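# Close look at the chain arrangement
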Amino acid sequence: MEDQSELAPAVRSILSATRDRAAEGRSGEVAVDPRGLRAAFDRAEADGRVPVIAEVKPTSPTTEGTREDDPVALAEGMVAGGAAALSVLTEPEHFGGSTDTLERVREAVDVPVLRKDFVVAESQLDAVESDVVLLIARFVGDDLPDLLAAARDRGFQVLVEVHDRDELERALDAGATTIGVNNRDLAELVVDLGTFESVAPHAPDDVTLIAESGIGSPADVRRMRAAGADALLVGSAIMDGDVTANTRELVRAEADAEASDPAETDAADAERTETTEHTT
Ligand SMILES: O=P(O)(O)OC[C@@H](O)[C@@H](O)c1c[nH]c2ccccc12
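Per chain, residue numbering runs from 1 following the sequence as it is written. Under the rules for a predicted model, residues below a pLDDT of 70 receive no local features and side-chain atom pairs below 80 are neither given nor counted, while totals for whole chains, interfaces and linings still include all residues. The side-chain values count all of the structure's non-hydrogen atoms but skip hydrogen atoms and water molecules.

## A closer look at the site of the ligand
Counted only if it meets this: Only a single heavy atom is needed: when it lies within 4 Å of a molecule or strand, its residue is near that molecule or strand. Each polar contact in these results corresponds to two N or O atoms within 3.5 Å; when the atoms are within protein, one needs to be able to donate a hydrogen and the other to accept it, and residues that are neighboring in sequence are counted only if both atoms are side-chain atoms. Using a 1.4 Å probe, accessible areas were evaluated by the Shrake-Rupley method; residue-level cover was limited to the displayed protein chains. Helix and strand labels come from DSSP, where a helix needs a run of H or I of at least four residues and a strand needs a run of E of at least two; each type is numbered from the N terminus.
Around the ligand sit 17 residues, and of these Glu 55, Glu 161, Ser 213, Gly 235 and Ser 236 come closest. Arg 184 places a polar side-chain atom, nitrogen or oxygen, 2.9 Å from an oxygen atom of the ligand. A distance of 2.7 Å is found between an oxygen atom of the ligand and a side-chain nitrogen or oxygen belonging to Ser 213. Protein contact buries 96% of the 440 Å² of open area that the ligand shows by itself. Of all the secondary structure elements, the ones that give two or more residues to the shell around the ligand are strand E4 (132-136) and strand E8 (231-234).

Shown next as structure tokens:
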């Protein structure tokens, strides 16, 4: 584990709460029969949809207020909007999530569901079944290979989250095949889409690469796809307002751009990229 004093206070608090939860696992190991994530992405592509993992995130340290709607209704709305997969926060104290919510969502939909939490100990893997589980390279440190193996033994697919090139190398050394690059810096909690652009070129082609965080518009979707994203993980921009319409807009970002004049879209995207760089 890295020096935690570098992390934002909210993140440090999440991690200590996580350790208190570490012993809570149910008795016995879960055995998951997972819905394939890669297959779900392929189905979306075949259908002309950008593969989007839509995230049910009632609140977060960087969001104001809490969304009180039924998470199952939100999840169904995201799938109706074309989400290839879902992500469900199970961290209770800072994100308003729960393992019970994840169970209910997974029962209600037929797309793969990612469990979004701060897993740092093997026992936490047994808290609930999901199709994919997240391991954050920065937080699990040297335990990454062991936790990856423990998760796979239980049947989980594993998304390993990285934030820089060094963590990417560690994820690859550990044998990760699905890697997410988080555009949000966990030390400052600021978002920079340039993070994915700088890390992605160093990942081998056979890795499934996911751009995470800070994707808010169809132009952002195209920007991440141009940089090599196989799929995108989007929370806040979908949770803010009509989740079905928001999901649909992002999922259709490429199809809609093709339908209009591609040269015009490129020029507009380039201009927008310049302006967002000043504001984020
Ligand atoms: O709301 P955003 O900016 O679209 O981000 C979604 C997701 O990437 C973000 O919630 C996230 C990425 N990695 C995490 C780890 C834990 C909790 C949350 C996250």
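## Remarks on the nonpolar core
One broad trend across soluble globular proteins is that nonpolar side chains are buried collectively. Note the threshold: Nonpolar core, defined: a set of buried Ala, Val, Leu, Ile, Met, Phe, Trp, Tyr and Cys residues in which side-chain atoms within 4.5 Å join the residues together. Only protein chains enter the accessibility calculation, which uses a 1.4 Å probe. A residue is then buried if its area is under 20% of the maximum for its type, exposed if over 50%, and partly exposed in between. Residue contacts are defined here by distance: any two heavy atoms, one from each residue, within 4.5 Å place the two residues in contact.
Met 78, Leu 86, Val 160 and Leu 232 are the most contacted members of the largest nonpolar core, which totals 60 residues. The element best represented in this core is helix H7 (residues 144-153), accounting for 5 residues. Not counting the four nearest positions on each side in its chain, Leu 86 is found in contact with Ile 53, Ala 54, Ala 75, Met 78, Val 79, Val 105, Val 109, Val 111, Pro 112, Val 113 and Leu 114. Membership of the second largest hydrophobic core comes to 25 residues, among which are Ala 8, Ala 85, Ile 136 and Leu 233.

## Thoughts on the packing of helix H3 (residues 71-80) against helix H5 (residues 99-108)
The relative placement of two packed helices comes down to the angle between their axes together with the axis-to-axis distance. Under the convention used in this document: For helices, the fitted line uses only the C-alpha atoms of the stretch in contact; every axis is such a line through C-alpha atoms, and the angle between N-to-C directions lies from 0 to 180 degrees. By the definition adopted for this analysis, an angle is roughly parallel if under 35 degrees, roughly antiparallel if over 145, roughly perpendicular if from 65 to 115, and oblique otherwise. Whether a crossing is left-handed or right-handed is set by the direction in which the near helix is turned from the far one by less than a right angle, anticlockwise for left-handed and clockwise for right-handed. Three classes are used: nonpolar for Ala, Val, Leu, Ile, Met, Phe, Trp, Tyr, Cys and Pro, charged for Asp, Glu, Lys and Arg, and polar for all others, with Gly counted as polar.
At a minimum axis separation of 9 Å, H3 and H5 run at an interaxial angle of 40°. By the criterion of interaxial angle, the relationship of H3 to H5 is oblique. Two packed elements cross with a definite hand, and for H3 against H5 that hand is right-handed. Across the interface between the two elements, Pro 71, Val 72, Ala 75 and Glu 76 from H3 touch Thr 101, Arg 104, Val 105 and Ala 108 from H5. Its residues placed into classes, the contact of H3 with H5 shows 5 nonpolar, 1 polar and 2 charged.

## Here we look at the pattern of salt bridges
Opposite charge on two side chains makes pairing possible when the charged atoms of those side chains draw close. Our working definition: Definition used for salt bridges: Asp or Glu carboxyl oxygen within 4 Å of a side-chain nitrogen of Lys or Arg.
One pass over the structure, following the stated rule, counts 17 salt bridges. The salt bridge partner of Arg 225 is Glu 254, with a shortest N-O separation of 2.9 Å. Taken as a pair, Arg 225 in helix H10 (residues 218-226) and Glu 254 in helix H13 (residues 253-259) lie far apart in primary sequence, 29 residues in all. By relative accessible area, Arg 225 is classed as buried at 16%. Three or more residues joined by partner-sharing salt bridges are found here, namely Glu 29, Glu 122, Asp 126 and Arg 154.

## Some words on a negative patch on the surface
Operational definition: To count toward a patch, a residue needs a relative accessible area above 30% and no salt bridge. Like charges then connect within 9 Å, nonpolar side chains (Val, Leu, Ile, Met, Phe, Trp, Tyr) within 5 Å. For this count, His and the chain ends are skipped, Lys and Arg are scored as positive, and Asp and Glu as negative. Where a charge lies is defined by one atom per residue type: Lys uses NZ, Arg uses CZ, Asp uses CG and Glu uses CD.
The grouping of Asp 164, Asp 166, Glu 169 and Asp 173 at the surface amounts to a negative patch. Among the structural elements, Asp 164 can be located in the loop between strand E5 (157-162) and helix H8 (165-173). Asp 164 sits in the partly exposed class, given a relative accessible area of 33%.

## A short note on the side chain of Asp 117
Take Asp 117: it is sitting in the loop between strand E3 (113-116) and E4. By relative accessible area, which is 2% here, Asp 117 ends up buried. A distance of 2.6 Å separates a polar atom in the side chain of Asp 117 from a polar atom in the side chain of Thr 90. Discounting residues that sit within four places of it in the chain, Asp 117 has contacts with Arg 21, Thr 90, Glu 91, Leu 134 and Ile 136.

## Overview of H3
Buried within H3 are the following residues: Pro 71, Val 72, Leu 74, Ala 75, Gly 77 and Met 78. In this fold, the buried residues of H3 make contact with strand E1 (52-56), strand E2 (85-89), H5, helix H11 (236-239) and helix H12 (243-251). Looking one or two residues past H3, Gly 82 carries a phi angle of roughly 105°, positive in sign.

## What about the environment of Leu 135?
Relative to the helices and strands, Leu 135 is located in strand E4. Remark: the alpha-carbon pair of Leu 135 and Glu 197, spanning 62 residues in sequence, is separated by 21 Å. Residues in contact with Leu 135, not counting those within four places in the same chain, are Val 119, Leu 144, Leu 147, Leu 148, Val 158, Leu 159, Val 160 and Glu 161.

## Here we look at the sheet that holds E3
We count it as follows: Note on pairing: DSSP must find at least two bridges between two strands before they are called paired.
With parallel pairing, 8 strands are arranged side by side around a closed barrel as E1-E2-E3-E4-E5-E6-E7-E8. The average undirected angle you get between the axes of adjacent strands in this sheet is 25°. Pairing analysis gives 3 bridges linking E1 to E8, with the strands arranged parallel. Bridged to Val 52 within E8 is Leu 232. Relative to the sheet, H8 contacts E5 and strand E6 (178-182), its axis offset from that of E5 by approximately 155°.

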